[in-house]
Amino acid sequence: MYKTTSSSLLRAASFRSPLLSSRSSLTQSSSSSSSAASASPSPPSSLLGRRSFATSSPAFRSLPRWSHCLHSRPSPFRLSSQTRAVSPGLDRLERKFSSMASEHPFKGIFTTLPKPGGGEFGKFYSLPALNDPRIDKLPYSIRILLESAIRNCDNFQVTKEDVEKIIDWEKTAPKQVEIPFKPARVLLQDFTGVPAVVDLACMRDAMNKLGSDSNKINPLVPVDLVIDHSVQVDVARSENAVQANMELEFQRNKERFAFLKWGSTAFQNMLVVPPGSGIVHQVNLEYLGRVVFNTQGVLYPDSVVGTDSHTTMIDGLGVAGWGVGGIEAEATMLGQPMSMVLPGVVGFKLSGKMRNGVTATDLVLTVTQILRKHGVVGKFVEFYGDGMSGLSLADRATIANMSPEYGATMGFFPVDHVTLQYLKLTGRSDETVAMIEAYLRANNMFVDYNEPQQDRAYSSYLELNLDNVEPCISGPKRPHDRVPLKEMKADWNSCLDSKVGFKGFAIPKEAQEKVANFSFNGKPAEITHGSVVIAAITSCTNTSNPSVMLGAGLVAKKACDLGLQVKPWIKTSLAPGSGVVTKYLLKSGLQEYLNQQGFNIVGYGCTTCIGNSGEINESVGAAITENDIVAAAVLSGNRNFEGRVHPLTRANYLASPPLVVAYALAGTVNIDFETEPIGTGKNGKDVFLRDIWPTTEEIAEVVQSSVLPDMFRATYESITKGNPMWNELSVPENTLYSWDPKSTYIHEPPYFKDMTMDPPGPHSVKDAYCLLNFGDSITTDHISPAGNIQKDSPAAKYLMERGVDRKDFNSYGSRRGNDEIMARGTFANIRIVNKLMNGEVGPKTVHIPSGEKLSVFDAAMRYKSSGEDTIILAGAEYGSGSSRDWAAKGPMLQGVKAVIAKSFERIHRSNLVGMGIIPLCFKSGEDADTLGLTGHERYTIHLPTDISEIRPGQDVTVTTDNGKSFSCTVRFDTEVELAYFNHGGILPYVIRNLSKQ
């Protein structure tokens, strides 16, 4: 079989297509010749012109639907002189891509896709034309990697050997082989997008200082940035909440927003979606996702990497997408292939049908628990089976969204008829949908469940009968700690009893019934352990799903009809992921009832799910702190790590939107919904959950009548117009950014200070002190907080020294463009547990030489000023959670040289490498405790100083000053990562390479 495929590759590589035989074909304007020009690896789309919402800029244009699909642009070889002035390297690139077009190794399988009525959709690289039986057994997700490798094969960045590795996936994947991957586009949100644009601006300055052309720093693939992470729930339970919160959002973030608007004009091929438009992943699902690209007449699958871990939501649409670090995303923008280990694929078969009243949220929490137990870190999960027909696209997207929570790189749903129906529902044209179906069928990437299914090979297999899924929630501190609803009361009381941990609060028996009395707006009120103080319908995970959103509305309506009312001191909020949600809630008439229960719309963004929950009422907060109450938040989000949702909610539960409303009505999580009433109705009778819970048929009927294609079209036609506050922002037109040294939002980082063209080589770690000693499950929320800046923190001190009032601190996430604040915010989480502090919880550590207890930042700076290296000791799953590049940038700026852990989360390990920090893993069965390491030792890592002597995954010896010695595995997983380390990080590597071109 191996010989068969090799020969098929040779046949494809040796056949010369007449379409690609002459340079003249590249300059003709006919459809066929523009297709031929694109037969090469996709030409740099930055040459195709700018995309922007900056109405004050001459670069602005009104964008039609799918306008940033590049087929609507002029040929890259017929650009105006104005564009040539912006891209002085154009002539060189023309020659390069002209040469590639005639030399493409797989031009023999480059074929035409005809339209049924005559003409053609375009041309494509045909996988069936390879005539290799191994391809027929490949998972659909791997076929996308294969097509990308074939299309981008230039025998330099992507070689024929790479293609063969992917075709031979069954044999090569278990060997952890490395492959390059070039995604079709990059997706950003503003928290991670601001530092990305800061880095790009800084890289331009570095290119200037090295005497090279700064305009080489430009995205070469489409980049979409959606501003959704800045809105906070300052105002809730008000008809005016959306406008009030947006005004506050602009007051706080005007400088950041102006910077992003500058970036949309200064950098080519970058689209910025203004604030108030929706949540990035829902906008991606409903609008930005192409499924199939048509670039200059060449068809290929959409694929995307994003600087948010929940980029995986697009996998529900059949688009391969996952989260990467901001550092990796920047390199991808600049034309660097992603180096990745060819993943194993877990086949997850779904059968049966969900029972009446069970929601997609119940399903995804069940799937998350199953996959966490199975172990899918670094793997793709591909869903298939008869049960797929009963899952709506929105249900699939919900499951795909939580891939980070179950640990997979992707949770992939191949395109089928359900996908096509969703594309039509969301306003994609019939012609576009016909092109998508025709291409995917022709390239064996479409699943038709009406036809016999050929068995595909998977690395391992799982199965779930959907009939077994039951109502549940997850918490109180981790998304994979699923609790069946019928067991919730018992589980809650167990948490009160258990020692402090992921499932424990250690509340003494005699204090568990404690009642805290307080006055709310002049009226008596009370809370106790388990009282709900925040109830939020939020997050892309659920707000993209009409069934659960309209289900929440039905619960609210039934509750209103029976006379139930949410207590006024509970902070309730509704933050839809797009304007479409508002349209169908209004059409259904259910928004009125949500408003009556306090779930007024507060804005269009992530809000509570990322810690932007705003302040709770002062009297409620005082009752919690003065009485040491374990208060609860219930949210329809995807993350509930400790300290994330709100500093005063120690218990945080993930639930479906209908259950969020139900728990808000109950006012406590300490309830058995089966046997205990939610409240008393207006007729004096007890009301139970079953009395207000809608049937599956009721929900389906409302969805059918209320969710319409015109809603999607109207929403996304207006999205390009921005809003008055955005359009009024004025920005300079320079291509180099003018840094303001007084700015507390945007600051020039020191990454490239004193950089030369010569790479520094591997750095040694000798006699390093331990800055922090952690246990298991330290998340990026612990490392790089996204919530409020605490008043006594180093970051607060920095801001106050610069005249910033406490009310204007904003959040850490909003200040990610300022390295000074983010370095101070690193390890500033108030719930962090550092073993050096002997049980004291909070953002402090021990400065080993002096024995002083200091803030982590102050200790790090004292080590750094005295020229001492530092390392971090950690347990399992270090760096789990959101894909935050600052969780790697911050430690680097604090002087951390290495992290030694039991295991790493995939994206965070990659980010550490990208910033030049050495990730090391203890050997199986060992950790700091078993080795007797206290963190008071000094550590030397015996890593070769010559990069040629370091291999991916090799073992190194670590010794301490008290005579201990142990072996660790160096987690540089690929040769490319070694190259990054040799250069001091991925960004210096890219700069040096671009400078040489």
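Being a predicted model, the structure only gives us computed values, none of them experimental.

Visitor: Sorry, what's going on with the overall build of the chain here?
Guide: When its secondary structure is counted, the chain shows 37 helices and 34 strands. With 997 residues in all, the chain has 65% of them scored as buried. The contacts in the chain between residues at least 6 apart in sequence include a share of 76% that link residues at least 24 apart. Surface exposure of the chain reaches about 34100 Å², of which carbon and sulfur atoms provide 49%.

Visitor: Please explain the sheet that holds strand β9 (residues 303-306) as it appears in this structure.
Guide: Each strand in a sheet pairs with its neighbour through backbone hydrogen bonds, running either in the same direction (parallel) or in the opposite one (antiparallel). The five strands lie next to each other as β6-β5-β4-β9-β10, forming an open sheet whose pairing is parallel. What marks the edges here is a single partner per strand, and that holds for β6 (270-273) and β10 (320-323). Each neighbouring strand pair of the sheet contributes to a mean axis angle of 20°, computed without reference to strand direction. Across three bridges, the pairing between strand β4 (residues 185-189) and β9 is parallel. Directly across from Leu187, in β9, lies its bridge partner Gly306. Those strands touched by helix α10 (residues 190-209) are β4, β5 (223-226) and β6, and its axis lies near 115° from that of β4.

Visitor: Honestly, the sheet that holds strand β29 (residues 870-873) in this entry has me stumped. Any pointers?
Guide: Sheet architecture is closed into a barrel: seven strands sit in the order β26-β29-β30-β31-β34-β33-β32, paired in mixed fashion. Adjacent strand axes in the sheet meet at a mean angle of 40° when their direction is disregarded. In this sheet, strand β31 (residues 918-922) lies alongside strand β30 (residues 896-901) in parallel orientation, the contact comprising four bridges. When the sheet's bridge partners are listed, Ile900 is paired in β31 with Leu920.

Visitor: Explain the pattern of salt bridges to me, please; I cannot follow it from the model alone.
Guide: This model, assessed by the stated rule, comprises 44 salt bridges. Among the salt bridges present, the one from Asp224 reaches Arg185, with a minimum N-O distance of 3.8 Å. One end of the pair, Asp224, is in strand β5; the other, Arg185, is in strand β4, and 39 residues separate them in sequence. An identical accessibility class is assigned to Asp224 and Arg185; each is buried. We note a salt bridge from Glu642 to Lys477, for which the minimum N-O separation is 3.8 Å.

Visitor: Teacher, can you tell me more about the packing of aromatic side chains here?
Guide: The relative placement of two aromatic rings is captured by the distance of their centres and the angle of their planes. What the rule picks out here adds up to 29 aromatic pairs. Ring geometry for Phe250 and Phe257: centres 5.0 Å apart, planes at 75°, overall edge-to-face. Neither Phe250 nor Phe257 differs from the other in exposure class; each is buried. For the ring pair Tyr384 and Tyr458, a centre distance of 5.4 Å and an interplane angle of 20° mean the geometry is stacked. Within this pair, whereas Tyr384 is found in strand β13 (residues 380-384), its partner Tyr458 is found in the loop between α18 (430-442) and β15 (460-465), the two being separated by 74 residues in sequence. Each member of the pair, Tyr384 as well as Tyr458, carries the same accessibility label: buried. By way of ring pairs, the aromatic residues Phe259, Trp262, Phe267, Tyr737 and Trp739 are connected into one cluster. For Arg456, the ring lying beneath its charged end belongs to Tyr384, and the centroid distance is 5.9 Å. Here Arg478 stacks its cationic end above the ring of Phe502, 3.9 Å away from the centre of that ring.

Visitor: Would you explain the pairing of strand β8 (residues 298-301) in this entry?
Guide: Residues in a regular strand project their side chains so that they alternate between the two faces of the sheet. Burial along β8 is two-sided: the face carrying Val298 and Tyr300 and the face carrying Leu299 and Pro301 are both buried. Summarising the sheet, strand β7 (residues 292-295) and β8 pair through four bridges and their orientation is antiparallel. Among the inter-strand pairings, Asn294 is bridged to a residue of β8, identified as Leu299. Connecting β7 to the next strand, β8, in antiparallel fashion are two residues, including Gln296 with a positive phi near 50°.

Visitor: I would appreciate a short explanation of helix α31 (residues 794-801) in the present structure.
Guide: Quick reminder: α-helices carry 3.6 residues per turn. Residues three or four places apart thus point the same way. Inspection of α31 places Pro794, Ala795, Ala796, Tyr798 and Leu799 among the buried residues, and these make up the whole buried set. Backbone geometry just after α31 places Gly803 at a positive phi near 80°.

Visitor: I would appreciate a short explanation of the packing of helix α7 (residues 140-151) against helix α8 (residues 160-167) in the present structure.
Guide: At a minimum axis distance of 9 Å, the contact between α7 and α8 shows a crossing angle of 165°. The orientation of α7 relative to α8 falls into the category roughly antiparallel. Here the hand of the crossing between α7 and α8 comes out left-handed. Together, Ile142, Leu145, Leu146, Ala149 and Ile150 of α7 and Val163, Ile166 and Ile167 of α8 make up the contact between the two elements. Residue classes in the contact of α7 with α8 are distributed as eight nonpolar, no polar and no charged.

Visitor: Would you mind going over the packing of helix α21 (residues 546-562) against helix α27 (residues 696-706) with me for this structure?
Guide: Axis angle and axis distance: for two packed helices, these are the angle between their axes and the distance between the axes, and together they describe the pair. Contact pair α21 / α27: the axes reach a minimum separation of 9 Å and the direction vectors enclose 115°. On the basis of the axis angle, α21 is roughly perpendicular to α27. As for how α21 packs across α27, the hand of that crossing is right-handed. Packed against α21, whose contacting residues are Pro546, Ser547, Leu550, Gly551, Leu554 and Lys558, the element α27 presents Glu698, Ile699, Val702 and Val703 at the interface.

Visitor: Could you clarify how one ought to interpret helix α34 (residues 886-893) in this entry?
Guide: The element α34 is extensively covered by neighbouring structure, given that seven of its eight residues are classed as buried. Among the residues of α34, Trp886, Ala887, Ala888, Lys889, Gly890, Pro891 and Leu893 are the ones counted as buried.

Visitor: Mind showing me how you'd approach the nonpolar core here?
Guide: Side chains of a nonpolar character, in soluble globular proteins, are inclined to be buried together. Counting residues in hydrophobic clusters, the biggest one holds 287 residues, and the most contacted among them are Leu145, Trp322, Phe383, Leu659, Tyr663, Phe673 and Tyr878. Ranked by residue count, the leading element in this core is α10, at 11 residues. Grouped together as the second largest cluster of nonpolar side chains are 26 residues, Ala928, Tyr939, Phe966 and Phe981 included.

Visitor: Whenever I open this one, unusual backbone geometry confuses me. Can you help?
Guide: Residue Pro476 is bonded to the preceding Gly475 through a cis peptide linkage, with omega at 10°. In this model, Gln296 sits at a positive phi of 50°, which is unusual for a non-glycine residue. Within the element layout of this structure, Gln296 appears in the loop between β7 and β8. The exposure class of Gln296 is buried, given its relative accessible area of 8%. With a phi close to 85°, Ser539 is a non-glycine residue in the positive phi region. Its location among the elements puts Ser539 in the loop between β20 (532-537) and α20 (540-543).

What counts and what doesn't
Residues numbered from 1 in each chain as written. Predicted model: local features only at pLDDT ≥ 70, side-chain atom pairs only at ≥ 80, totals over all residues. Heavy atoms only, no water. Helix = DSSP H or I, 4+ residues; strand = E, 2+ residues; numbered from the N terminus. Buried < 20%, exposed > 50% of the residue type's maximum accessible area, 1.4 Å probe, protein only. Contact = heavy atoms within 4.5 Å. Areas by Shrake-Rupley, 256 points an atom, 1.4 Å probe, with all protein chains shown as cover. Pairing = 2+ DSSP bridges. Axes fitted to C-alpha atoms, helices over the stretch in contact; angles between N-to-C directions. Salt bridge = Lys/Arg side-chain N within 4 Å of Asp/Glu carboxyl O. Phe/Tyr/Trp six-rings, centres within 6.5 Å; stacked < 30°, edge-to-face > 60°. Lys NZ or Arg CZ within 6 Å of the ring centre and 35° of its normal. Parallel < 35°, antiparallel > 145°, perpendicular 65-115°, else oblique. Left-handed = near helix turned anticlockwise from the far one by under 90°. Nonpolar A, V, L, I, M, F, W, Y, C, P; charged D, E, K, R; others polar. Core = buried A, V, L, I, M, F, W, Y, C linked by side-chain atoms within 4.5 Å.

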